[in-house]
Amino acid sequence: MEIFAAKDISFTYPDRPEPALKEVNFSIEKGEFVLLCGASGSGKSTLLKLLKHDIAPHGYINGTLIFKGMELKQIAPFVRAKEIGIVFQNPENQIVMEKVIGELLFGLENVGYSTQEMRKKLAEMVHFFGLNHLLERNTNDLSGGEKQLLNLASVLLLDPEVLLLDEPTAQLDPIAAKELIYMLKRINDELGITIVIVEHRLEELFSIANKVIVLENGRLIMQDTPREIVLKLAKHTYLEKLLPSASLVYLHYENQYESANVPLSVKEAKQWLETKEIVETLPINRKAKEKQKLLELSKIDFQYNKQERLVLNNLHLSVYQGEWLAILGANGTGKTTLIKVISGIYRAQHGYLKYKGKKVKKVDSKIISYLPQNPALYFLRDTILEEYQYIAKQCKVKNAENRIQELVVKFQIDHLKHRHPQDLSGGEQQKAAMVGALITNPAILLVDEPTKGIDPHAKEQVADLLRSLKEEGLTIIMVTHDVEFAANYSTRCALLFQGEITVIEDTKKFFRQNAYYTTVMNRITRNTSAPPVVTLGETKFRWNVQKSY
């Protein structure tokens, strides 16, 4: 039975010459798990918001959206609110109450449930999600994963028939993200709720979804089962990067593709690997160059107030000249706090910093630049050029116009410099903010979640730019939840746990020894006859596939 349908949907934002969506047609059956994917700016989030009529963006729409046989806009607002639920990318944007129990009851109170009905539904949902220990907690004290689970439970209390999700894992650590995705699978399997999800993190979702819709430049170019989509995207140079590692390794080493044999999960990829005889090509051991210690943190303690626990506790960290250091850890472990202490935004209550062997209270702001998690927060002016000129003036940058022009050309955003920052895509905003951070020609760049909310192609562009800057001598300290990005590009990785750096190692060694906080390719090749690798790129110079059994 069809639950949602789009018929020739086109949508144009005000003052935009090009439509964001162009004659989109699709049909979604009741109980399906639908993955909506595509490059940044392809129209995914716009389409998802149009399905939730009451938060639809302002603009010009043509065509018809059908929900359960009726035109969506003709359905009563109360029915739409109850039967079509949505979970946003940023969990904090959806929470309105101070206490967890108040947040869970908020929607039920607004649609008029009696006290007895609310108690019954609340007890059932709390047990289903295992939220009993959180009921009396303040919502501000929850981790990112807990906040997103709270949002999900709050929406499900209204018994929706369709659940829409807009990049719900974007701000979650790898383990919390996986838990959320498998909770969605359970909801779909056990409750039969139709799920439509927009995501850039696709490693787990291809094996769970039963339909994939692909958008490109506002047009729906494909809709099919996940395995068929893999074979279709294999011929698409740009969008092939959306595919999970399990499928990409198959496509790289198989001569003939069969839909039924395409692996979508770690388990299926392991089974496929066992059909191959793979000989290891020994890597060339290059002698590591000795590097100078650039920055040192010792005995660092930090807490937001005296009544709360220490966020950073007797922390030690050394950073070397010209390295790309990735700092990983679960939500709420203090990663962002740590780089804010390094940048001087926060001041540690105990401990000291050394820069080039000398103790300093704070590293000079011209030496160190900080790029926040949300690049949109970086901009205060009407155009990005005005922002750059303001930064240059405040920091007294010599030859500022030449420096700005050099950077916008290098980052390929010269054509965007007269645009408003909020009119840029996620990837464009990230590059524009990075240019602003580099105007002062710093020695150290601190970046917080540089890949959040951007597609694989934009990630590659960001990585190439950061790598070229590193080769020019820039030292990069990056906080990230993106394990695959860190594994492919960073030189060392550190794990932050309970306010301390528990381990810091060469990137490949770091991920190879981890069982859970690691890459998909490492999980695929562990305990198989294939030589173990951390990234797909590593297979290209370490594997020599002889034959199939």
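Predicted model only: the values in this text are computed from it and were never measured.

Time to look at the side chain of E323. Its place among the elements puts E323 in the loop between strand 13 (312–320) and strand 14 (324–328). One polar contact links the side chain of E323 to the main-chain amide nitrogen of Y320, over a distance of 2.9 Å. At 2.7 Å, the side chain of E323 forms a polar contact with the side chain of R492. Not counting the four nearest positions on each side in its chain, E323 is found in contact with K291, S318, K470, L474, T475, I476, T491 and R492.

What follows is about unusual backbone geometry. What is expected of a backbone is that most residues other than glycine have negative phi and most peptide bonds are trans. The phi dihedral of E167 is positive, around 45°, even though this residue is not glycine. Accessibility expressed as a relative area gives 6% for E167, which makes it buried. Unlike most non-glycine residues, N399 shows phi in positive territory, near 50°.

Another aspect to go through is the packing of aromatic side chains. Counting across every chain of the model gives 14 aromatic pairs. Here F302 and Y304 contribute two aromatic rings whose centre-to-centre distance is 5.0 Å and whose plane-to-plane angle is 90°, an arrangement assigned as edge-to-face. Arranged with centres 5.6 Å apart and planes meeting at 75°, the rings of Y378 and F379 form a pair that is edge-to-face. Side by side, Y378 and F379 carry an identical accessibility label, which is buried. Every member of this aromatic cluster is reached through a ring pair, and the members are Y250, Y257 and W272. In this arrangement the basic side chain of R186 is found over the ring face of F128, its NZ or CZ atom lying 4.0 Å from the centre.

Turning our eyes to something else, we now look at the pattern of salt bridges. Taken as a whole and assessed by the stated rule, the structure comprises 26 salt bridges. The residue E83 makes a salt bridge to K68 at a minimum N-O spacing of 3.1 Å. Of this pair, E83 sits in helix 2 (residues 77–83) while K68 is found in the loop between strand 4 (60–67) and strand 5 (70–71), placing the two residues 15 residues apart along the sequence. Here R542 makes a salt bridge to E538, at a shortest N to O gap of 3.0 Å. Within this pair, R542 and its partner E538 are both found in helix 18 (residues 536–542), separated by 4 residues, close to a single helical turn. The class of R542 is buried, set by a relative accessible area of 10%. On the basis of relative accessibility, which here comes to 5%, the residue E538 falls in the buried class. What emerges from the salt-bridge pattern is a single network uniting K30, K68, E83 and E161.

Counting across every chain of the model gives 3 cavities of 30 Å³ or more. Considering only enclosed or pocket space, the largest cavity measures out at about 140 Å³ in volume. Considering the residues around the largest cavity, the lining is formed by 13 residues, among which A170, R201, T451, K452 and G453 are closest to the centre. For the lining of the largest cavity, the per-class residue count stands at 2 nonpolar, 4 polar and 7 charged. When residues of the lining of the largest cavity are assigned to domains, at least three fall in each of domain 1 (2–235) and domain 2 (293–525). Within this model, the second largest cavity holds a volume of roughly 40 Å³. Taken together, F26, I28, V34, L36, L47, L51, V196 and I213 make up the lining of the second largest cavity. Among the secondary structure elements, those contributing two or more residues to the lining of the second largest cavity are strand 2 (21–29), strand 3 (33–38) and helix 1 (44–51). Residue classes in the lining of the second largest cavity are distributed as 8 nonpolar, no polar and no charged.

Pairing of strand 1 (residues 2–12) with strand 4, which is carried by 7 bridges, proceeds in the antiparallel orientation. Within strand 4, the position partnered with F4 by the bridge is F67. Two successive antiparallel strands, strand 4 and strand 5, enclose a turn made up of 2 residues, where K68 displays a positive phi of approximately 55°.

This next bit is on helix 10 (residues 335–343). Note on helix geometry: an α-helix contains 3.6 residues per turn, so any two residues three or four positions apart are oriented the same way. Across the 9 residues that make up helix 10, a large majority, 7, are buried. The first or second residue beyond helix 10 is G344, which carries a positive phi of 95°.

Under the domain assignment used here, the chain contains domain 1 (2–235) and domain 2 (293–525). One C-alpha centre belongs to domain 1, the other to domain 2, and the line joining them spans 31 Å. Taken together, the contact pairs 21 residues of domain 1 with 15 residues of domain 2. Of the roughly 1,400 Å² buried between domain 1 and domain 2, counting both surfaces, carbon and sulfur atoms make up 50%.

Rules used in this analysis
Residues numbered from 1 in each chain as written. Predicted model: local features only at pLDDT ≥ 70, side-chain atom pairs only at ≥ 80, totals over all residues. Heavy atoms only, no water. Helix = DSSP H or I, 4+ residues; strand = E, 2+ residues; numbered from the N terminus. Polar contact = N/O pair within 3.5 Å; in protein donor to acceptor, adjacent residues only side chain to side chain. Contact = heavy atoms within 4.5 Å. Buried < 20%, exposed > 50% of the residue type's maximum accessible area, 1.4 Å probe, protein only. Phe/Tyr/Trp six-rings, centres within 6.5 Å; stacked < 30°, edge-to-face > 60°. Lys NZ or Arg CZ within 6 Å of the ring centre and 35° of its normal. Salt bridge = Lys/Arg side-chain N within 4 Å of Asp/Glu carboxyl O. 1 Å grid on protein atoms, 1.4 Å probe; cavity = no way out; pocket = protein on both sides within 12 Å on 5 of 7 lines; lining within 4 Å. Points joined across faces, edges and corners; volume = space filled by probe spheres on them. Nonpolar A, V, L, I, M, F, W, Y, C, P; charged D, E, K, R; others polar. Domains from an automatic or database assignment. Pairing = 2+ DSSP bridges. Buried area = accessible area lost by both parts, 1.4 Å probe.

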